[in-house]
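# Secondary and tertiary structure notes
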Amino acid sequence: MITTDICIIGAGPVGLFAVFEAGLLKMRCHLIDALPQVGGQLSEIYPQKPIYDIPGFPAINAQDLVNNLLDQINPFHPTFTLGERVEKLERQEDGSYLITSNENTEIHCQVVVIAAGLGSFEPRKPAVERLEDFEGKGVAYMVKNPELFRDKRIVLAGGGDSALDWTLFLSEIAKEVTLIHRGETFRGAPDSAEKVFSKAEQGQINLILNANVAALNGNGHLKEISVVNKDKSVLHLDVDYFIPLFGLTPKLGPIADWNLAIDKSAIEVNTKDFMTNVERIYAIGDINTYPGKLKLILCGFHEAALMAQSAFKYVFPEQKLSFKYTTVNGIHAL
Ligand SMILES: Cc1cc2nc3c(=O)[nH]c(=O)nc-3n(C[C@H](O)[C@H](O)[C@H](O)COP(=O)(O)OP(=O)(O)OC[C@H]3O[C@@H](n4cnc5c(N)ncnc54)[C@H](O)[C@@H]3O)c2cc1C
């Protein structure tokens, strides 16, 4: 079991900055995110877009902001569980919380901070016969650990950046890689599409265009995929893994079941310290709502600062908090 002072659900920009504000007050943080990488919407939706309204940065590329936040919180040594979704929050007798993920990782903490943005990003599932029968048994919706696919026969499907990038990456380590796309042109970066076409010409990957995966077959584990071409002919491929990459869509998911006051898919908080209607559970960033709420990164940063000042009393009940500037106090590594 992981033990920490504050468990932050969501490692988007606001969850990351909350580590800094907590760290200034000597509170340790563990972050858990359903995605395999940190950065939330910035890394998942618009990593290469410039942001113009971060104070002090006339323009900053979204992924650079995430990298800067990681550098900024590094002295406080946060720990991470990535690629796992929080399912359960259980209050303990002493007021602390036990958090459990979909993979049964347990985190014990004094304070819970929900920085879950729009909710957890769930994969868009294509209409493929028996798809759900093979989830975790040959069907994967994200590449969490590329080593799993070493020397295996992989079929990917999709036409965006993820499908192109993972096809190129896995072609270096897998035994055989096939990319299936329902069109002839790709939505992803032209440079990546060109590389895929060139690798296909050289016989390093199999590229099947104008086709859809229709059904999966196997016995306990995925063994075969049926592909339907535009002319309705059917192709059967032997395969170890199928990775459909049709994008992610955010869902509030289990957060809706935690007895928190919710208004239109957002958690109601007070604006004094961004606590929810449940003591020791805070909500900051895009996931919360209050009169005048703006879903902006800078608003989430402000909320993180006030949350940390309030959470201090639960982590150090014996101590009195006195406010200090970083220019005066500096930063003391945890
Ligand atoms: C295209 C686009 C452009 C934008 N441009 C700007 C801009 O210029 N300026 C600006 O200020 N804002 C902009 N925004 C908004 C900004 O991205 C959000 O305000 C910001 O990402 C909110 O950060 P967050 O940390 O609250 O949530 P998010 O970035 O959404 O991160 C939340 C994280 O929580 C995780 N999560 C959710 N539920 C669970 C769960 N149950 N278990 C585990 N993990 C979970 C998710 O996987 C996600 O990684 C833009 C948004 C988009 C889509």
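Residues numbered from 1 in each chain as written. Predicted model: local features only at pLDDT ≥ 70, side-chain atom pairs only at ≥ 80, totals over all residues. Heavy atoms only, no water.

In the nomenclature of an unreviewed UniProt entry, the chain corresponds to Ferredoxin--NADP reductase from the organism Adhaeribacter pallidiroseus. Recorded in UniProt for the chain, the comment headed Subunit (unreviewed entry) runs: "Homodimer." The UniProt entry for the chain carries the following text under Sequence similarities (unreviewed entry): "Belongs to the ferredoxin--NADP reductase type 2 family." (UniProt positions renumbered as here; feature names shortened; annotations may be inferred.)

## Focus on the UniProt feature "domain: FAD/NAD(P)-binding" (unreviewed entry) in the chain
Under the UniProt annotation, "domain: FAD/NAD(P)-binding" (unreviewed entry) lies at residues 5-291. Its end C-alpha atoms 30 Å apart, residues 5-291 is made of 18% helix and 34% strand. (Helix = DSSP H or I, 4+ residues; strand = E, 2+ residues; numbered from the N terminus.)

## Topic: the nonpolar core
Within the largest apolar cluster, 64 residues are counted, with the highest numbers of intra-cluster contacts made by M27 and I114. The biggest single contributor to this core is helix 6 (residues 297-315), with 9 residues. Setting aside residues no more than four positions away along its own chain, I114 makes contact with I9, I255, W258, L260, I267, I281, Y282, A283, I284 and I287. In terms of nonpolar packing, the next biggest core, distinct from the first, is built from 20 residues, A163, L170, I173 and V177 among them. (Core = buried A, V, L, I, M, F, W, Y, C linked by side-chain atoms within 4.5 Å. Buried < 20%, exposed > 50% of the residue type's maximum accessible area, 1.4 Å probe, protein only. Contact = heavy atoms within 4.5 Å.)

## Looking at the site of the ligand
Residues in contact with the ligand amount to 31 residues; listed here are only the nearest, D33, Q41, Y46, V86 and D286. At a separation of 3.0 Å, a nitrogen atom of the ligand approaches a polar backbone atom of A34. Contact between the ligand and S120: a nitrogen atom at 3.2 Å from a main-chain N or O atom of the residue. With the chains in place, 87% of the 990 Å² that the ligand exposes on its own is no longer accessible. Broken down by secondary-structure element, the contributors of at least two residues to the shell around the ligand are helix 1 (13-24), strand 2 (29-33), helix 2 (40-44) and strand 9 (120-123). Residue composition of the shell around the ligand, by class: 16 nonpolar, 9 polar and 6 charged. (Near = heavy atom within 4 Å. Polar contact = N/O pair within 3.5 Å; in protein donor to acceptor, adjacent residues only side chain to side chain. Areas by Shrake-Rupley, 256 points an atom, 1.4 Å probe, with all protein chains shown as cover. Nonpolar A, V, L, I, M, F, W, Y, C, P; charged D, E, K, R; others polar.)

## Topic: the state of the cysteines
Enumeration over the complete set of coordinates arrives at 0 disulfides. C7 carries a free sulfur, and the closest cysteine sulfur to it, the one in C109, is 5.0 Å from it. (Disulfide = S-S within 2.5 Å.)

## Examining the UniProt feature "binding site: FAD" (unreviewed entry) in the chain
UniProt records the feature "binding site: FAD" (unreviewed entry) for D33, Q41, Y46, V86, F121, D286 and T327 in the present numbering. Separation in sequence by 295 residues is matched in space for these annotated residues, since their most distant C-alpha atoms are 38.1 Å apart. For the largest pocket, the lining residues among the annotations just cited are Y46 and F121. Checked against the element boundaries, V86 lands in strand 6 (residues 86-91). The contact partners of V86, leaving out residues within four places of it in the chain, are I9, I32, I99, T100, S101, P254 and W258. Here F121 shows up in strand 9. Setting aside residues up to four positions removed in sequence, F121 forms contacts with L35, Q41, I45, L248, T249 and P250. (1 Å grid on protein atoms, 1.4 Å probe; cavity = no way out; pocket = protein on both sides within 12 Å on 5 of 7 lines; lining within 4 Å.)

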